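Architecture at a glance
For reference, the chains in residue letters:
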2 protein chains.
Amino acid sequence: MTNANAAPASEPAIPNPRADIAQLDALERTLYCHRYAIDEIASLGPVIDPAKATAERGEAVALLEQERVEALCAPEVGLLLDRIEQNPELMGQTRLAQARVIRRDRASLIDVPAEEQAAFTRLTTEANDVWRRAKAANDWASFEPYLDRIVEAMRHMAQAKNAEKDPYDVWLDEFEHGTSRAFYDPFFAQVKDCVVPLLADCMASRHKPDHKVMDGKFDVERQWALAGDLMRLEGVDEDALWLGRTEHPFTGGPGVGFVLIASHVYEDNVLSNVFSMLHEGGHTLYEQNVDPAYAMTSLKGGTSMGMHEAQSRFFENIVGRSEAFAGPLLEVLQRRFPGQLGRVTPHQLYLAENCAAPCLIRCDADELTYPLHILIRYELEQMLFSGEAKAADIPALWAAKHKEYLGLDVPDDAHGALQDTHWSDGSLGYFPTYALGSAFGAQLKAAMVAGGMDFDAVCASGDLAPIREWLRTNIWHWGRAKDSDELMLAACGEPFSPAYYTDYLTQKFSSLYGLQ
Amino acid sequence: MTNANAAPASEPAIPNPRADIAQLDALERTLYCHRYAIDEIASLGPVIDPAKATAERGEAVALLEQERVEALCAPEVGLLLDRIEQNPELMGQTRLAQARVIRRDRASLIDVPAEEQAAFTRLTTEANDVWRRAKAANDWASFEPYLDRIVEAMRHMAQAKNAEKDPYDVWLDEFEHGTSRAFYDPFFAQVKDCVVPLLADCMASRHKPDHKVMDGKFDVERQWALAGDLMRLEGVDEDALWLGRTEHPFTGGPGVGFVLIASHVYEDNVLSNVFSMLHEGGHTLYEQNVDPAYAMTSLKGGTSMGMHEAQSRFFENIVGRSEAFAGPLLEVLQRRFPGQLGRVTPHQLYLAENCAAPCLIRCDADELTYPLHILIRYELEQMLFSGEAKAADIPALWAAKHKEYLGLDVPDDAHGALQDTHWSDGSLGYFPTYALGSAFGAQLKAAMVAGGMDFDAVCASGDLAPIREWLRTNIWHWGRAKDSDELMLAACGEPFSPAYYTDYLTQKFSSLYGLQ
């Protein structure tokens, strides 16, 4: 407890809020231009760069990252943040939020030497390039040493960040503030307890949806035109979007006015295109709808990975795979493929979108089996971090867990542990946020309905503006100024609870598979 | 004169070359990552960015540019360069060349405040965006105030750089070291004295080449495939090239292993595609073939704009529009357009490429009239800098000079003063380097021939390796380590002389138009 009347131990600095604000603004400008450059170069690199560009790109990004870290970790920044937080009444809410977010970004970096950070950026740039070729060639062996090096480097950095904490917990917290295995273990247990028996019941049911009506080959260039249609249907601002082509879909956001989506289309899987685009479109809506006043500051962008995935998986699944939205979605599909899809009904499309069948590829998984893919990765990442497994053990473990949870035989690593980009990027600890985001989304939908929205009617109308406006006001608008738990509490009137997610899955798939 | 035995006025620093080298390397790393980011973001921006991206991109580039300038202009860098140049024997040729180039880059910036530089970057980012829309809408009025502001800002910066010198001379020197109006005036006089009467004779001749065989509509997507073929024919390394689509073709080079070409194709003008690509391919060859040891240092890239244009216009014209190269070029064209071009002969193609007809668009100009387009811009830029003309006067002056030099009526500003991107980029003083580069190229060809190369046989073979190797060894390889005049002297055994250019034009067009 502080005695306000006690004499200070040393002479207090005379507050000069104007100078502090100028210093904060200058710091934000430095951070902004480095973030912008890193985001654009690192996002576009794997999409557009020719083969020989990798080394110079990796070095440029590593150096920019090193400068960003140095700017953030400079001792005078610590003093500045102290002064700002000690004089809240002079600063205003936005600047206090900036200081809070900058302090957290700084805390996650300050104990790792800048050279070590830069070396890690170099390693992951190279590893990502190796992974791309390894996936194409189904060659786990070439990627294997990189995974071991990445885990080792992440373990070492985690020790530097917090020697008291389990290294994997450090990274879970990094991707989703406030989480750890102690948070995720019961969450995944609850999800598993729901999904595993539900999936078994679905598989045993005689009443099964099928996707026959959506099978067949769909012209690739028309599918790219469809990708644009889907962005318009979803309500993405096309004047602030660049759409490119890549193997592994992603969204990057250098600016509020500049979001990059890179996606893929497969001739024999038009639904993969539909749900990839709706997913990346959800990320895009979040990035584009942050308060414009936060542009070019540390408050720009999504507040956490879980909350980001909540938006993408909301538009992919809760809207995109709903029965109500099948009508507007089908219209868009029929306009591009009138011959092939002219006789399909919305209900048939809805069934085709929601066949719960175990499959090898996470990105193509249905909503029900999806969290099992995440669970497998969560378990494997723990084994890598604890040392229980090395990269060399992963293919066999991958096969065993896919057999156990999904009943599948994994034919090769391209359809196995090489399918995802995340490990090559150094994003171990990221996967769990996908499942968490799905669970956030189910609760957000429940809150919309509880607040009086006729959710199905909005979806059926094909004009998602009311849903976007609800999310904009409650989530997107706030950027990084509020944390996930704060946003969930304010938006839903109660803290996060996984029961909304398991209830949602149970109701939806019981109905689809005639289990009720 | 220095007395070597005199005691120094102050205690001399003890030389520590290892520390100096480390400091130089650190500076180069900082400069590299900023250059890389600025080049990639600023090059790609106008090609890929959506409409709303401009403001944030402009701010990011301006801030990165400001940091680059600050790094270069820091007082300790001046001291470092002094120490390096005072101890040449400890440094090696490469580091001395780095110091020389850095000193020059620094000198061109040090007297302009960093904020003024950044404001200029912001202005030109916005102006370029306005120009793109103004050109599309044929709307000079919207661009006009930007041009006045750009000239004013450039005049002000020139004053800061060198108050003794004429501001336009400052910028001429900036784009081509060692040049000024005193250099260009006699050069252009010599070119004009050759070209104007030669053009008149050509126009009066009854013997005229025509381009009928190359007229018609050529499928746009096949033209893009042709663009790739042309890069292979020219010998560009496709593993270090990204090819994109834009309105105004350009080449950017973030890395030795990463060159960006953005180009356009017009359905009704396949030759425009051919020569745009050969031109940008020449820039690309230069960037890709700099000594790999110079990658990520200030020695990377072309030594001057004139020398860069020498390479691009060499491959566009001296190779590309030669009779000998018409055979291999036609083969490539016929492979993509067998129906339309199957019966064309190499000689017909050669004639079609070389019709000397005054035209409104510089980029589509034939080799003979081309320097007159440059001369017009050179004269107008002088008027803008001297204050003799404001932006509002440009359309009328543009029309008058096109009438005078080319006998043309200018129908609108889109086909007039809005056609080029350069003024919106703040590149006033750049245009003359195109004519100078053409003249460099003619002299380089003469040197190849004088050195024993059978130039026509090389072109006719379709394998340009001997030409590339000659240019690689004599020019490209050196990056910025040698200046244009040094390179020309070493490569040609004599200083630059415009007579090679006027001789080349006279011979080529006299023969084409039967004037001999």
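Residues numbered from 1 in each chain as written. Chains lettered and ligands numbered in written order. Predicted model: local features only at pLDDT ≥ 70, side-chain atom pairs only at ≥ 80, totals over all residues. Heavy atoms only, no water.

This brings us to the packing of helix α15 (residues 370-386) of chain A against helix α17 (residues 432-450) of chain A. All names here are of chain A. Where α15 contacts α17, the two axes come as close as 8 Å, and the packing angle between them is 145°. Crossing of α15 against α17: the hand is left-handed. Contacts from Tyr-370, Ile-374, Tyr-378 and Glu-381 of α15 reach α17 at Pro-432, Tyr-434 and Ala-435. The class makeup of the residues in the contact of α15 with α17 is six nonpolar, no polar and one charged. (Axes fitted to C-alpha atoms, helices over the stretch in contact; angles between N-to-C directions. Helix = DSSP H or I, 4+ residues; strand = E, 2+ residues; numbered from the N terminus. Left-handed = near helix turned anticlockwise from the far one by under 90°. Contact = heavy atoms within 4.5 Å. Nonpolar A, V, L, I, M, F, W, Y, C, P; charged D, E, K, R; others polar.)

Below, the discussion takes up the interface of chain B and chain A. Residue-level contacts link 37 residues of chain B with 37 residues of chain A. In total, about 3000 Å² of surface goes out of reach between chain B and chain A, with carbon and sulfur atoms giving 67% of it. At the boundary of chain B and chain A, one finds two salt bridges. Where chain B meets chain A, there are 16 residue pairs in polar contact (both at pLDDT 80 or more). Among the elements of the structure, α1 (17-48), α2 (54-73), β1 (241-245) and β3 (258-263) of chain B are those that each provide at least two residues to the side of chain B that touches chain A. Per element, the largest residue contribution to the side of chain B that touches chain A is eleven residues, and it comes from α1(B). By residue class, the composition of the side of chain B that touches chain A is 22 nonpolar, four polar and eleven charged. (Buried area = accessible area lost by both parts, 1.4 Å probe. Salt bridge = Lys/Arg side-chain N within 4 Å of Asp/Glu carboxyl O. Polar contact = N/O pair within 3.5 Å; in protein donor to acceptor, adjacent residues only side chain to side chain.)

Glancing now at helix α12 (residues 326-336) of chain A. Among all positions of α12(A), only Ala326(A), Pro328(A), Leu329(A), Leu330(A), Val332(A) and Leu333(A) are buried. Among the structural elements, α9 (220-234), α10 (270-288), α13 (338-341), α14 (346-353) and α18 (455-461) of chain A are those in contact with the buried residues of α12(A). (Buried < 20%, exposed > 50% of the residue type's maximum accessible area, 1.4 Å probe, protein only.)

Attention now goes to the packing of aromatic side chains. Applying the stated criterion across every chain, the model contains 46 aromatic pairs over all chains. An angle of 40° between the planes, with centres 5.3 Å apart, marks the rings of Tyr168(A) and Phe385(A) as tilted. Taken together, the residues Tyr168(A) in helix α7 (residues 167-175) and Phe385(A) in helix α15 connect sequence positions 217 residues apart. Taken together, Tyr168(A), Phe183(A), Tyr184(A), Phe187(A), Phe188(A), Tyr378(A), Phe385(A), Phe440(A) and Phe496(A) form an aromatic cluster joined through their ring pairs. Lys482(A) extends its terminal NZ or CZ atom over the ring of Trp478(A), reaching a point 3.8 Å from the ring centre. Above the face of the Tyr370(B) ring, Arg313(B) is positioned so that its terminal group lies 3.5 Å from the ring centre. (Phe/Tyr/Trp six-rings, centres within 6.5 Å; stacked < 30°, edge-to-face > 60°. Lys NZ or Arg CZ within 6 Å of the ring centre and 35° of its normal.)

A few words now on the relation of the copies chain B and chain A. Aligned on chain A, chain B shows an RMSD of 0.0 Å; the corresponding rotation is 180° and the shift along the axis is 0.0 Å. Put plainly, the chains are arranged around a two-fold axis. It is Ala37(B) whose C-alpha, among those of chain B, lies nearest the rotation axis, at 2.9 Å. Both copies contact each other with a shared surface, as 100% of the interface residues of chain B are interface residues in chain A too. (Least-squares fit on C-alpha atoms with pLDDT ≥ 70 in both.)

On to unusual backbone geometry, then. All names here are of chain A. Backbone geometry at Asn-138 places phi at a positive 50°, although glycine is not the residue there. Its identity is not glycine, yet Met-296 carries a phi of approximately 65°, on the positive side. Its location among the elements puts Met-296 in the loop between α10 and α11 (305-319). Its relative accessible area of 27% is what places Met-296 among the partly exposed residues.

Counting residues in hydrophobic clusters, the biggest one holds 128 residues, and the most contacted among them are Phe314(B), Ile467(B) and Leu471(B). For Phe314(B), the contacting residues outside a window of four places in its chain are Glu309(B), Val319(B), Gly320(B), Gly441(B), Leu444(B), Lys445(B), Met448(B), Phe455(B), Ile467(B) and Leu471(B). (Core = buried A, V, L, I, M, F, W, Y, C linked by side-chain atoms within 4.5 Å.)

This prediction gives chain A a mean pLDDT of 94; 97% of its residues lie at or above 70. In the model, residues 1-9 of chain A has pLDDT below 50 throughout and makes zero contacts with residues more than four positions away in sequence or in other chains. (pLDDT = per-residue confidence, 0-100.)

Structurally, Ser43(B) is set in helix α1. Setting aside its immediate chain neighbours within four residues, Ser43(B) contacts Ile38(B), Phe250(B), Gly252(B) and Leu260(B).

A word on the sheet that holds strand β2 (residues 250-255) of chain A. Residues and elements named next belong to chain A. A sheet is described by the order of its strands in space; here three strands give the open sequence β1-β3-β2, paired in mixed fashion. What marks the edges here is a single partner per strand, and that holds for β1 (241-245) and β2. In this sheet, neighbouring strand axes are inclined to one another by 20° on average, regardless of whether the strands run parallel or antiparallel. Relative to strand β3 (residues 258-263), β2 is paired through four bridges, and the arrangement is antiparallel. What sits directly across from Phe-250, in β3, is Ala-262. Contacts between α10 and the sheet are confined to β1, β2 and β3, with β3 contributing the most and set at about 165° to the helix. (Pairing = 2+ DSSP bridges.)

It is possible for side chains of opposite charge to pair when their charged atoms get near one another. A complete count under the given rule lists 59 salt bridges over all chains for this structure. Here Asp420(A) ties to Arg377(A) by a salt bridge, and the two come within 2.7 Å at their closest N and O atoms. Taken together, the residues Asp420(A) in the loop between α16 (394-406) and α17 and Arg377(A) in helix α15 connect sequence positions 43 residues apart. Residue Glu238(B) is joined to Arg232(B) by a salt bridge in which the shortest nitrogen-to-oxygen separation is 2.7 Å.

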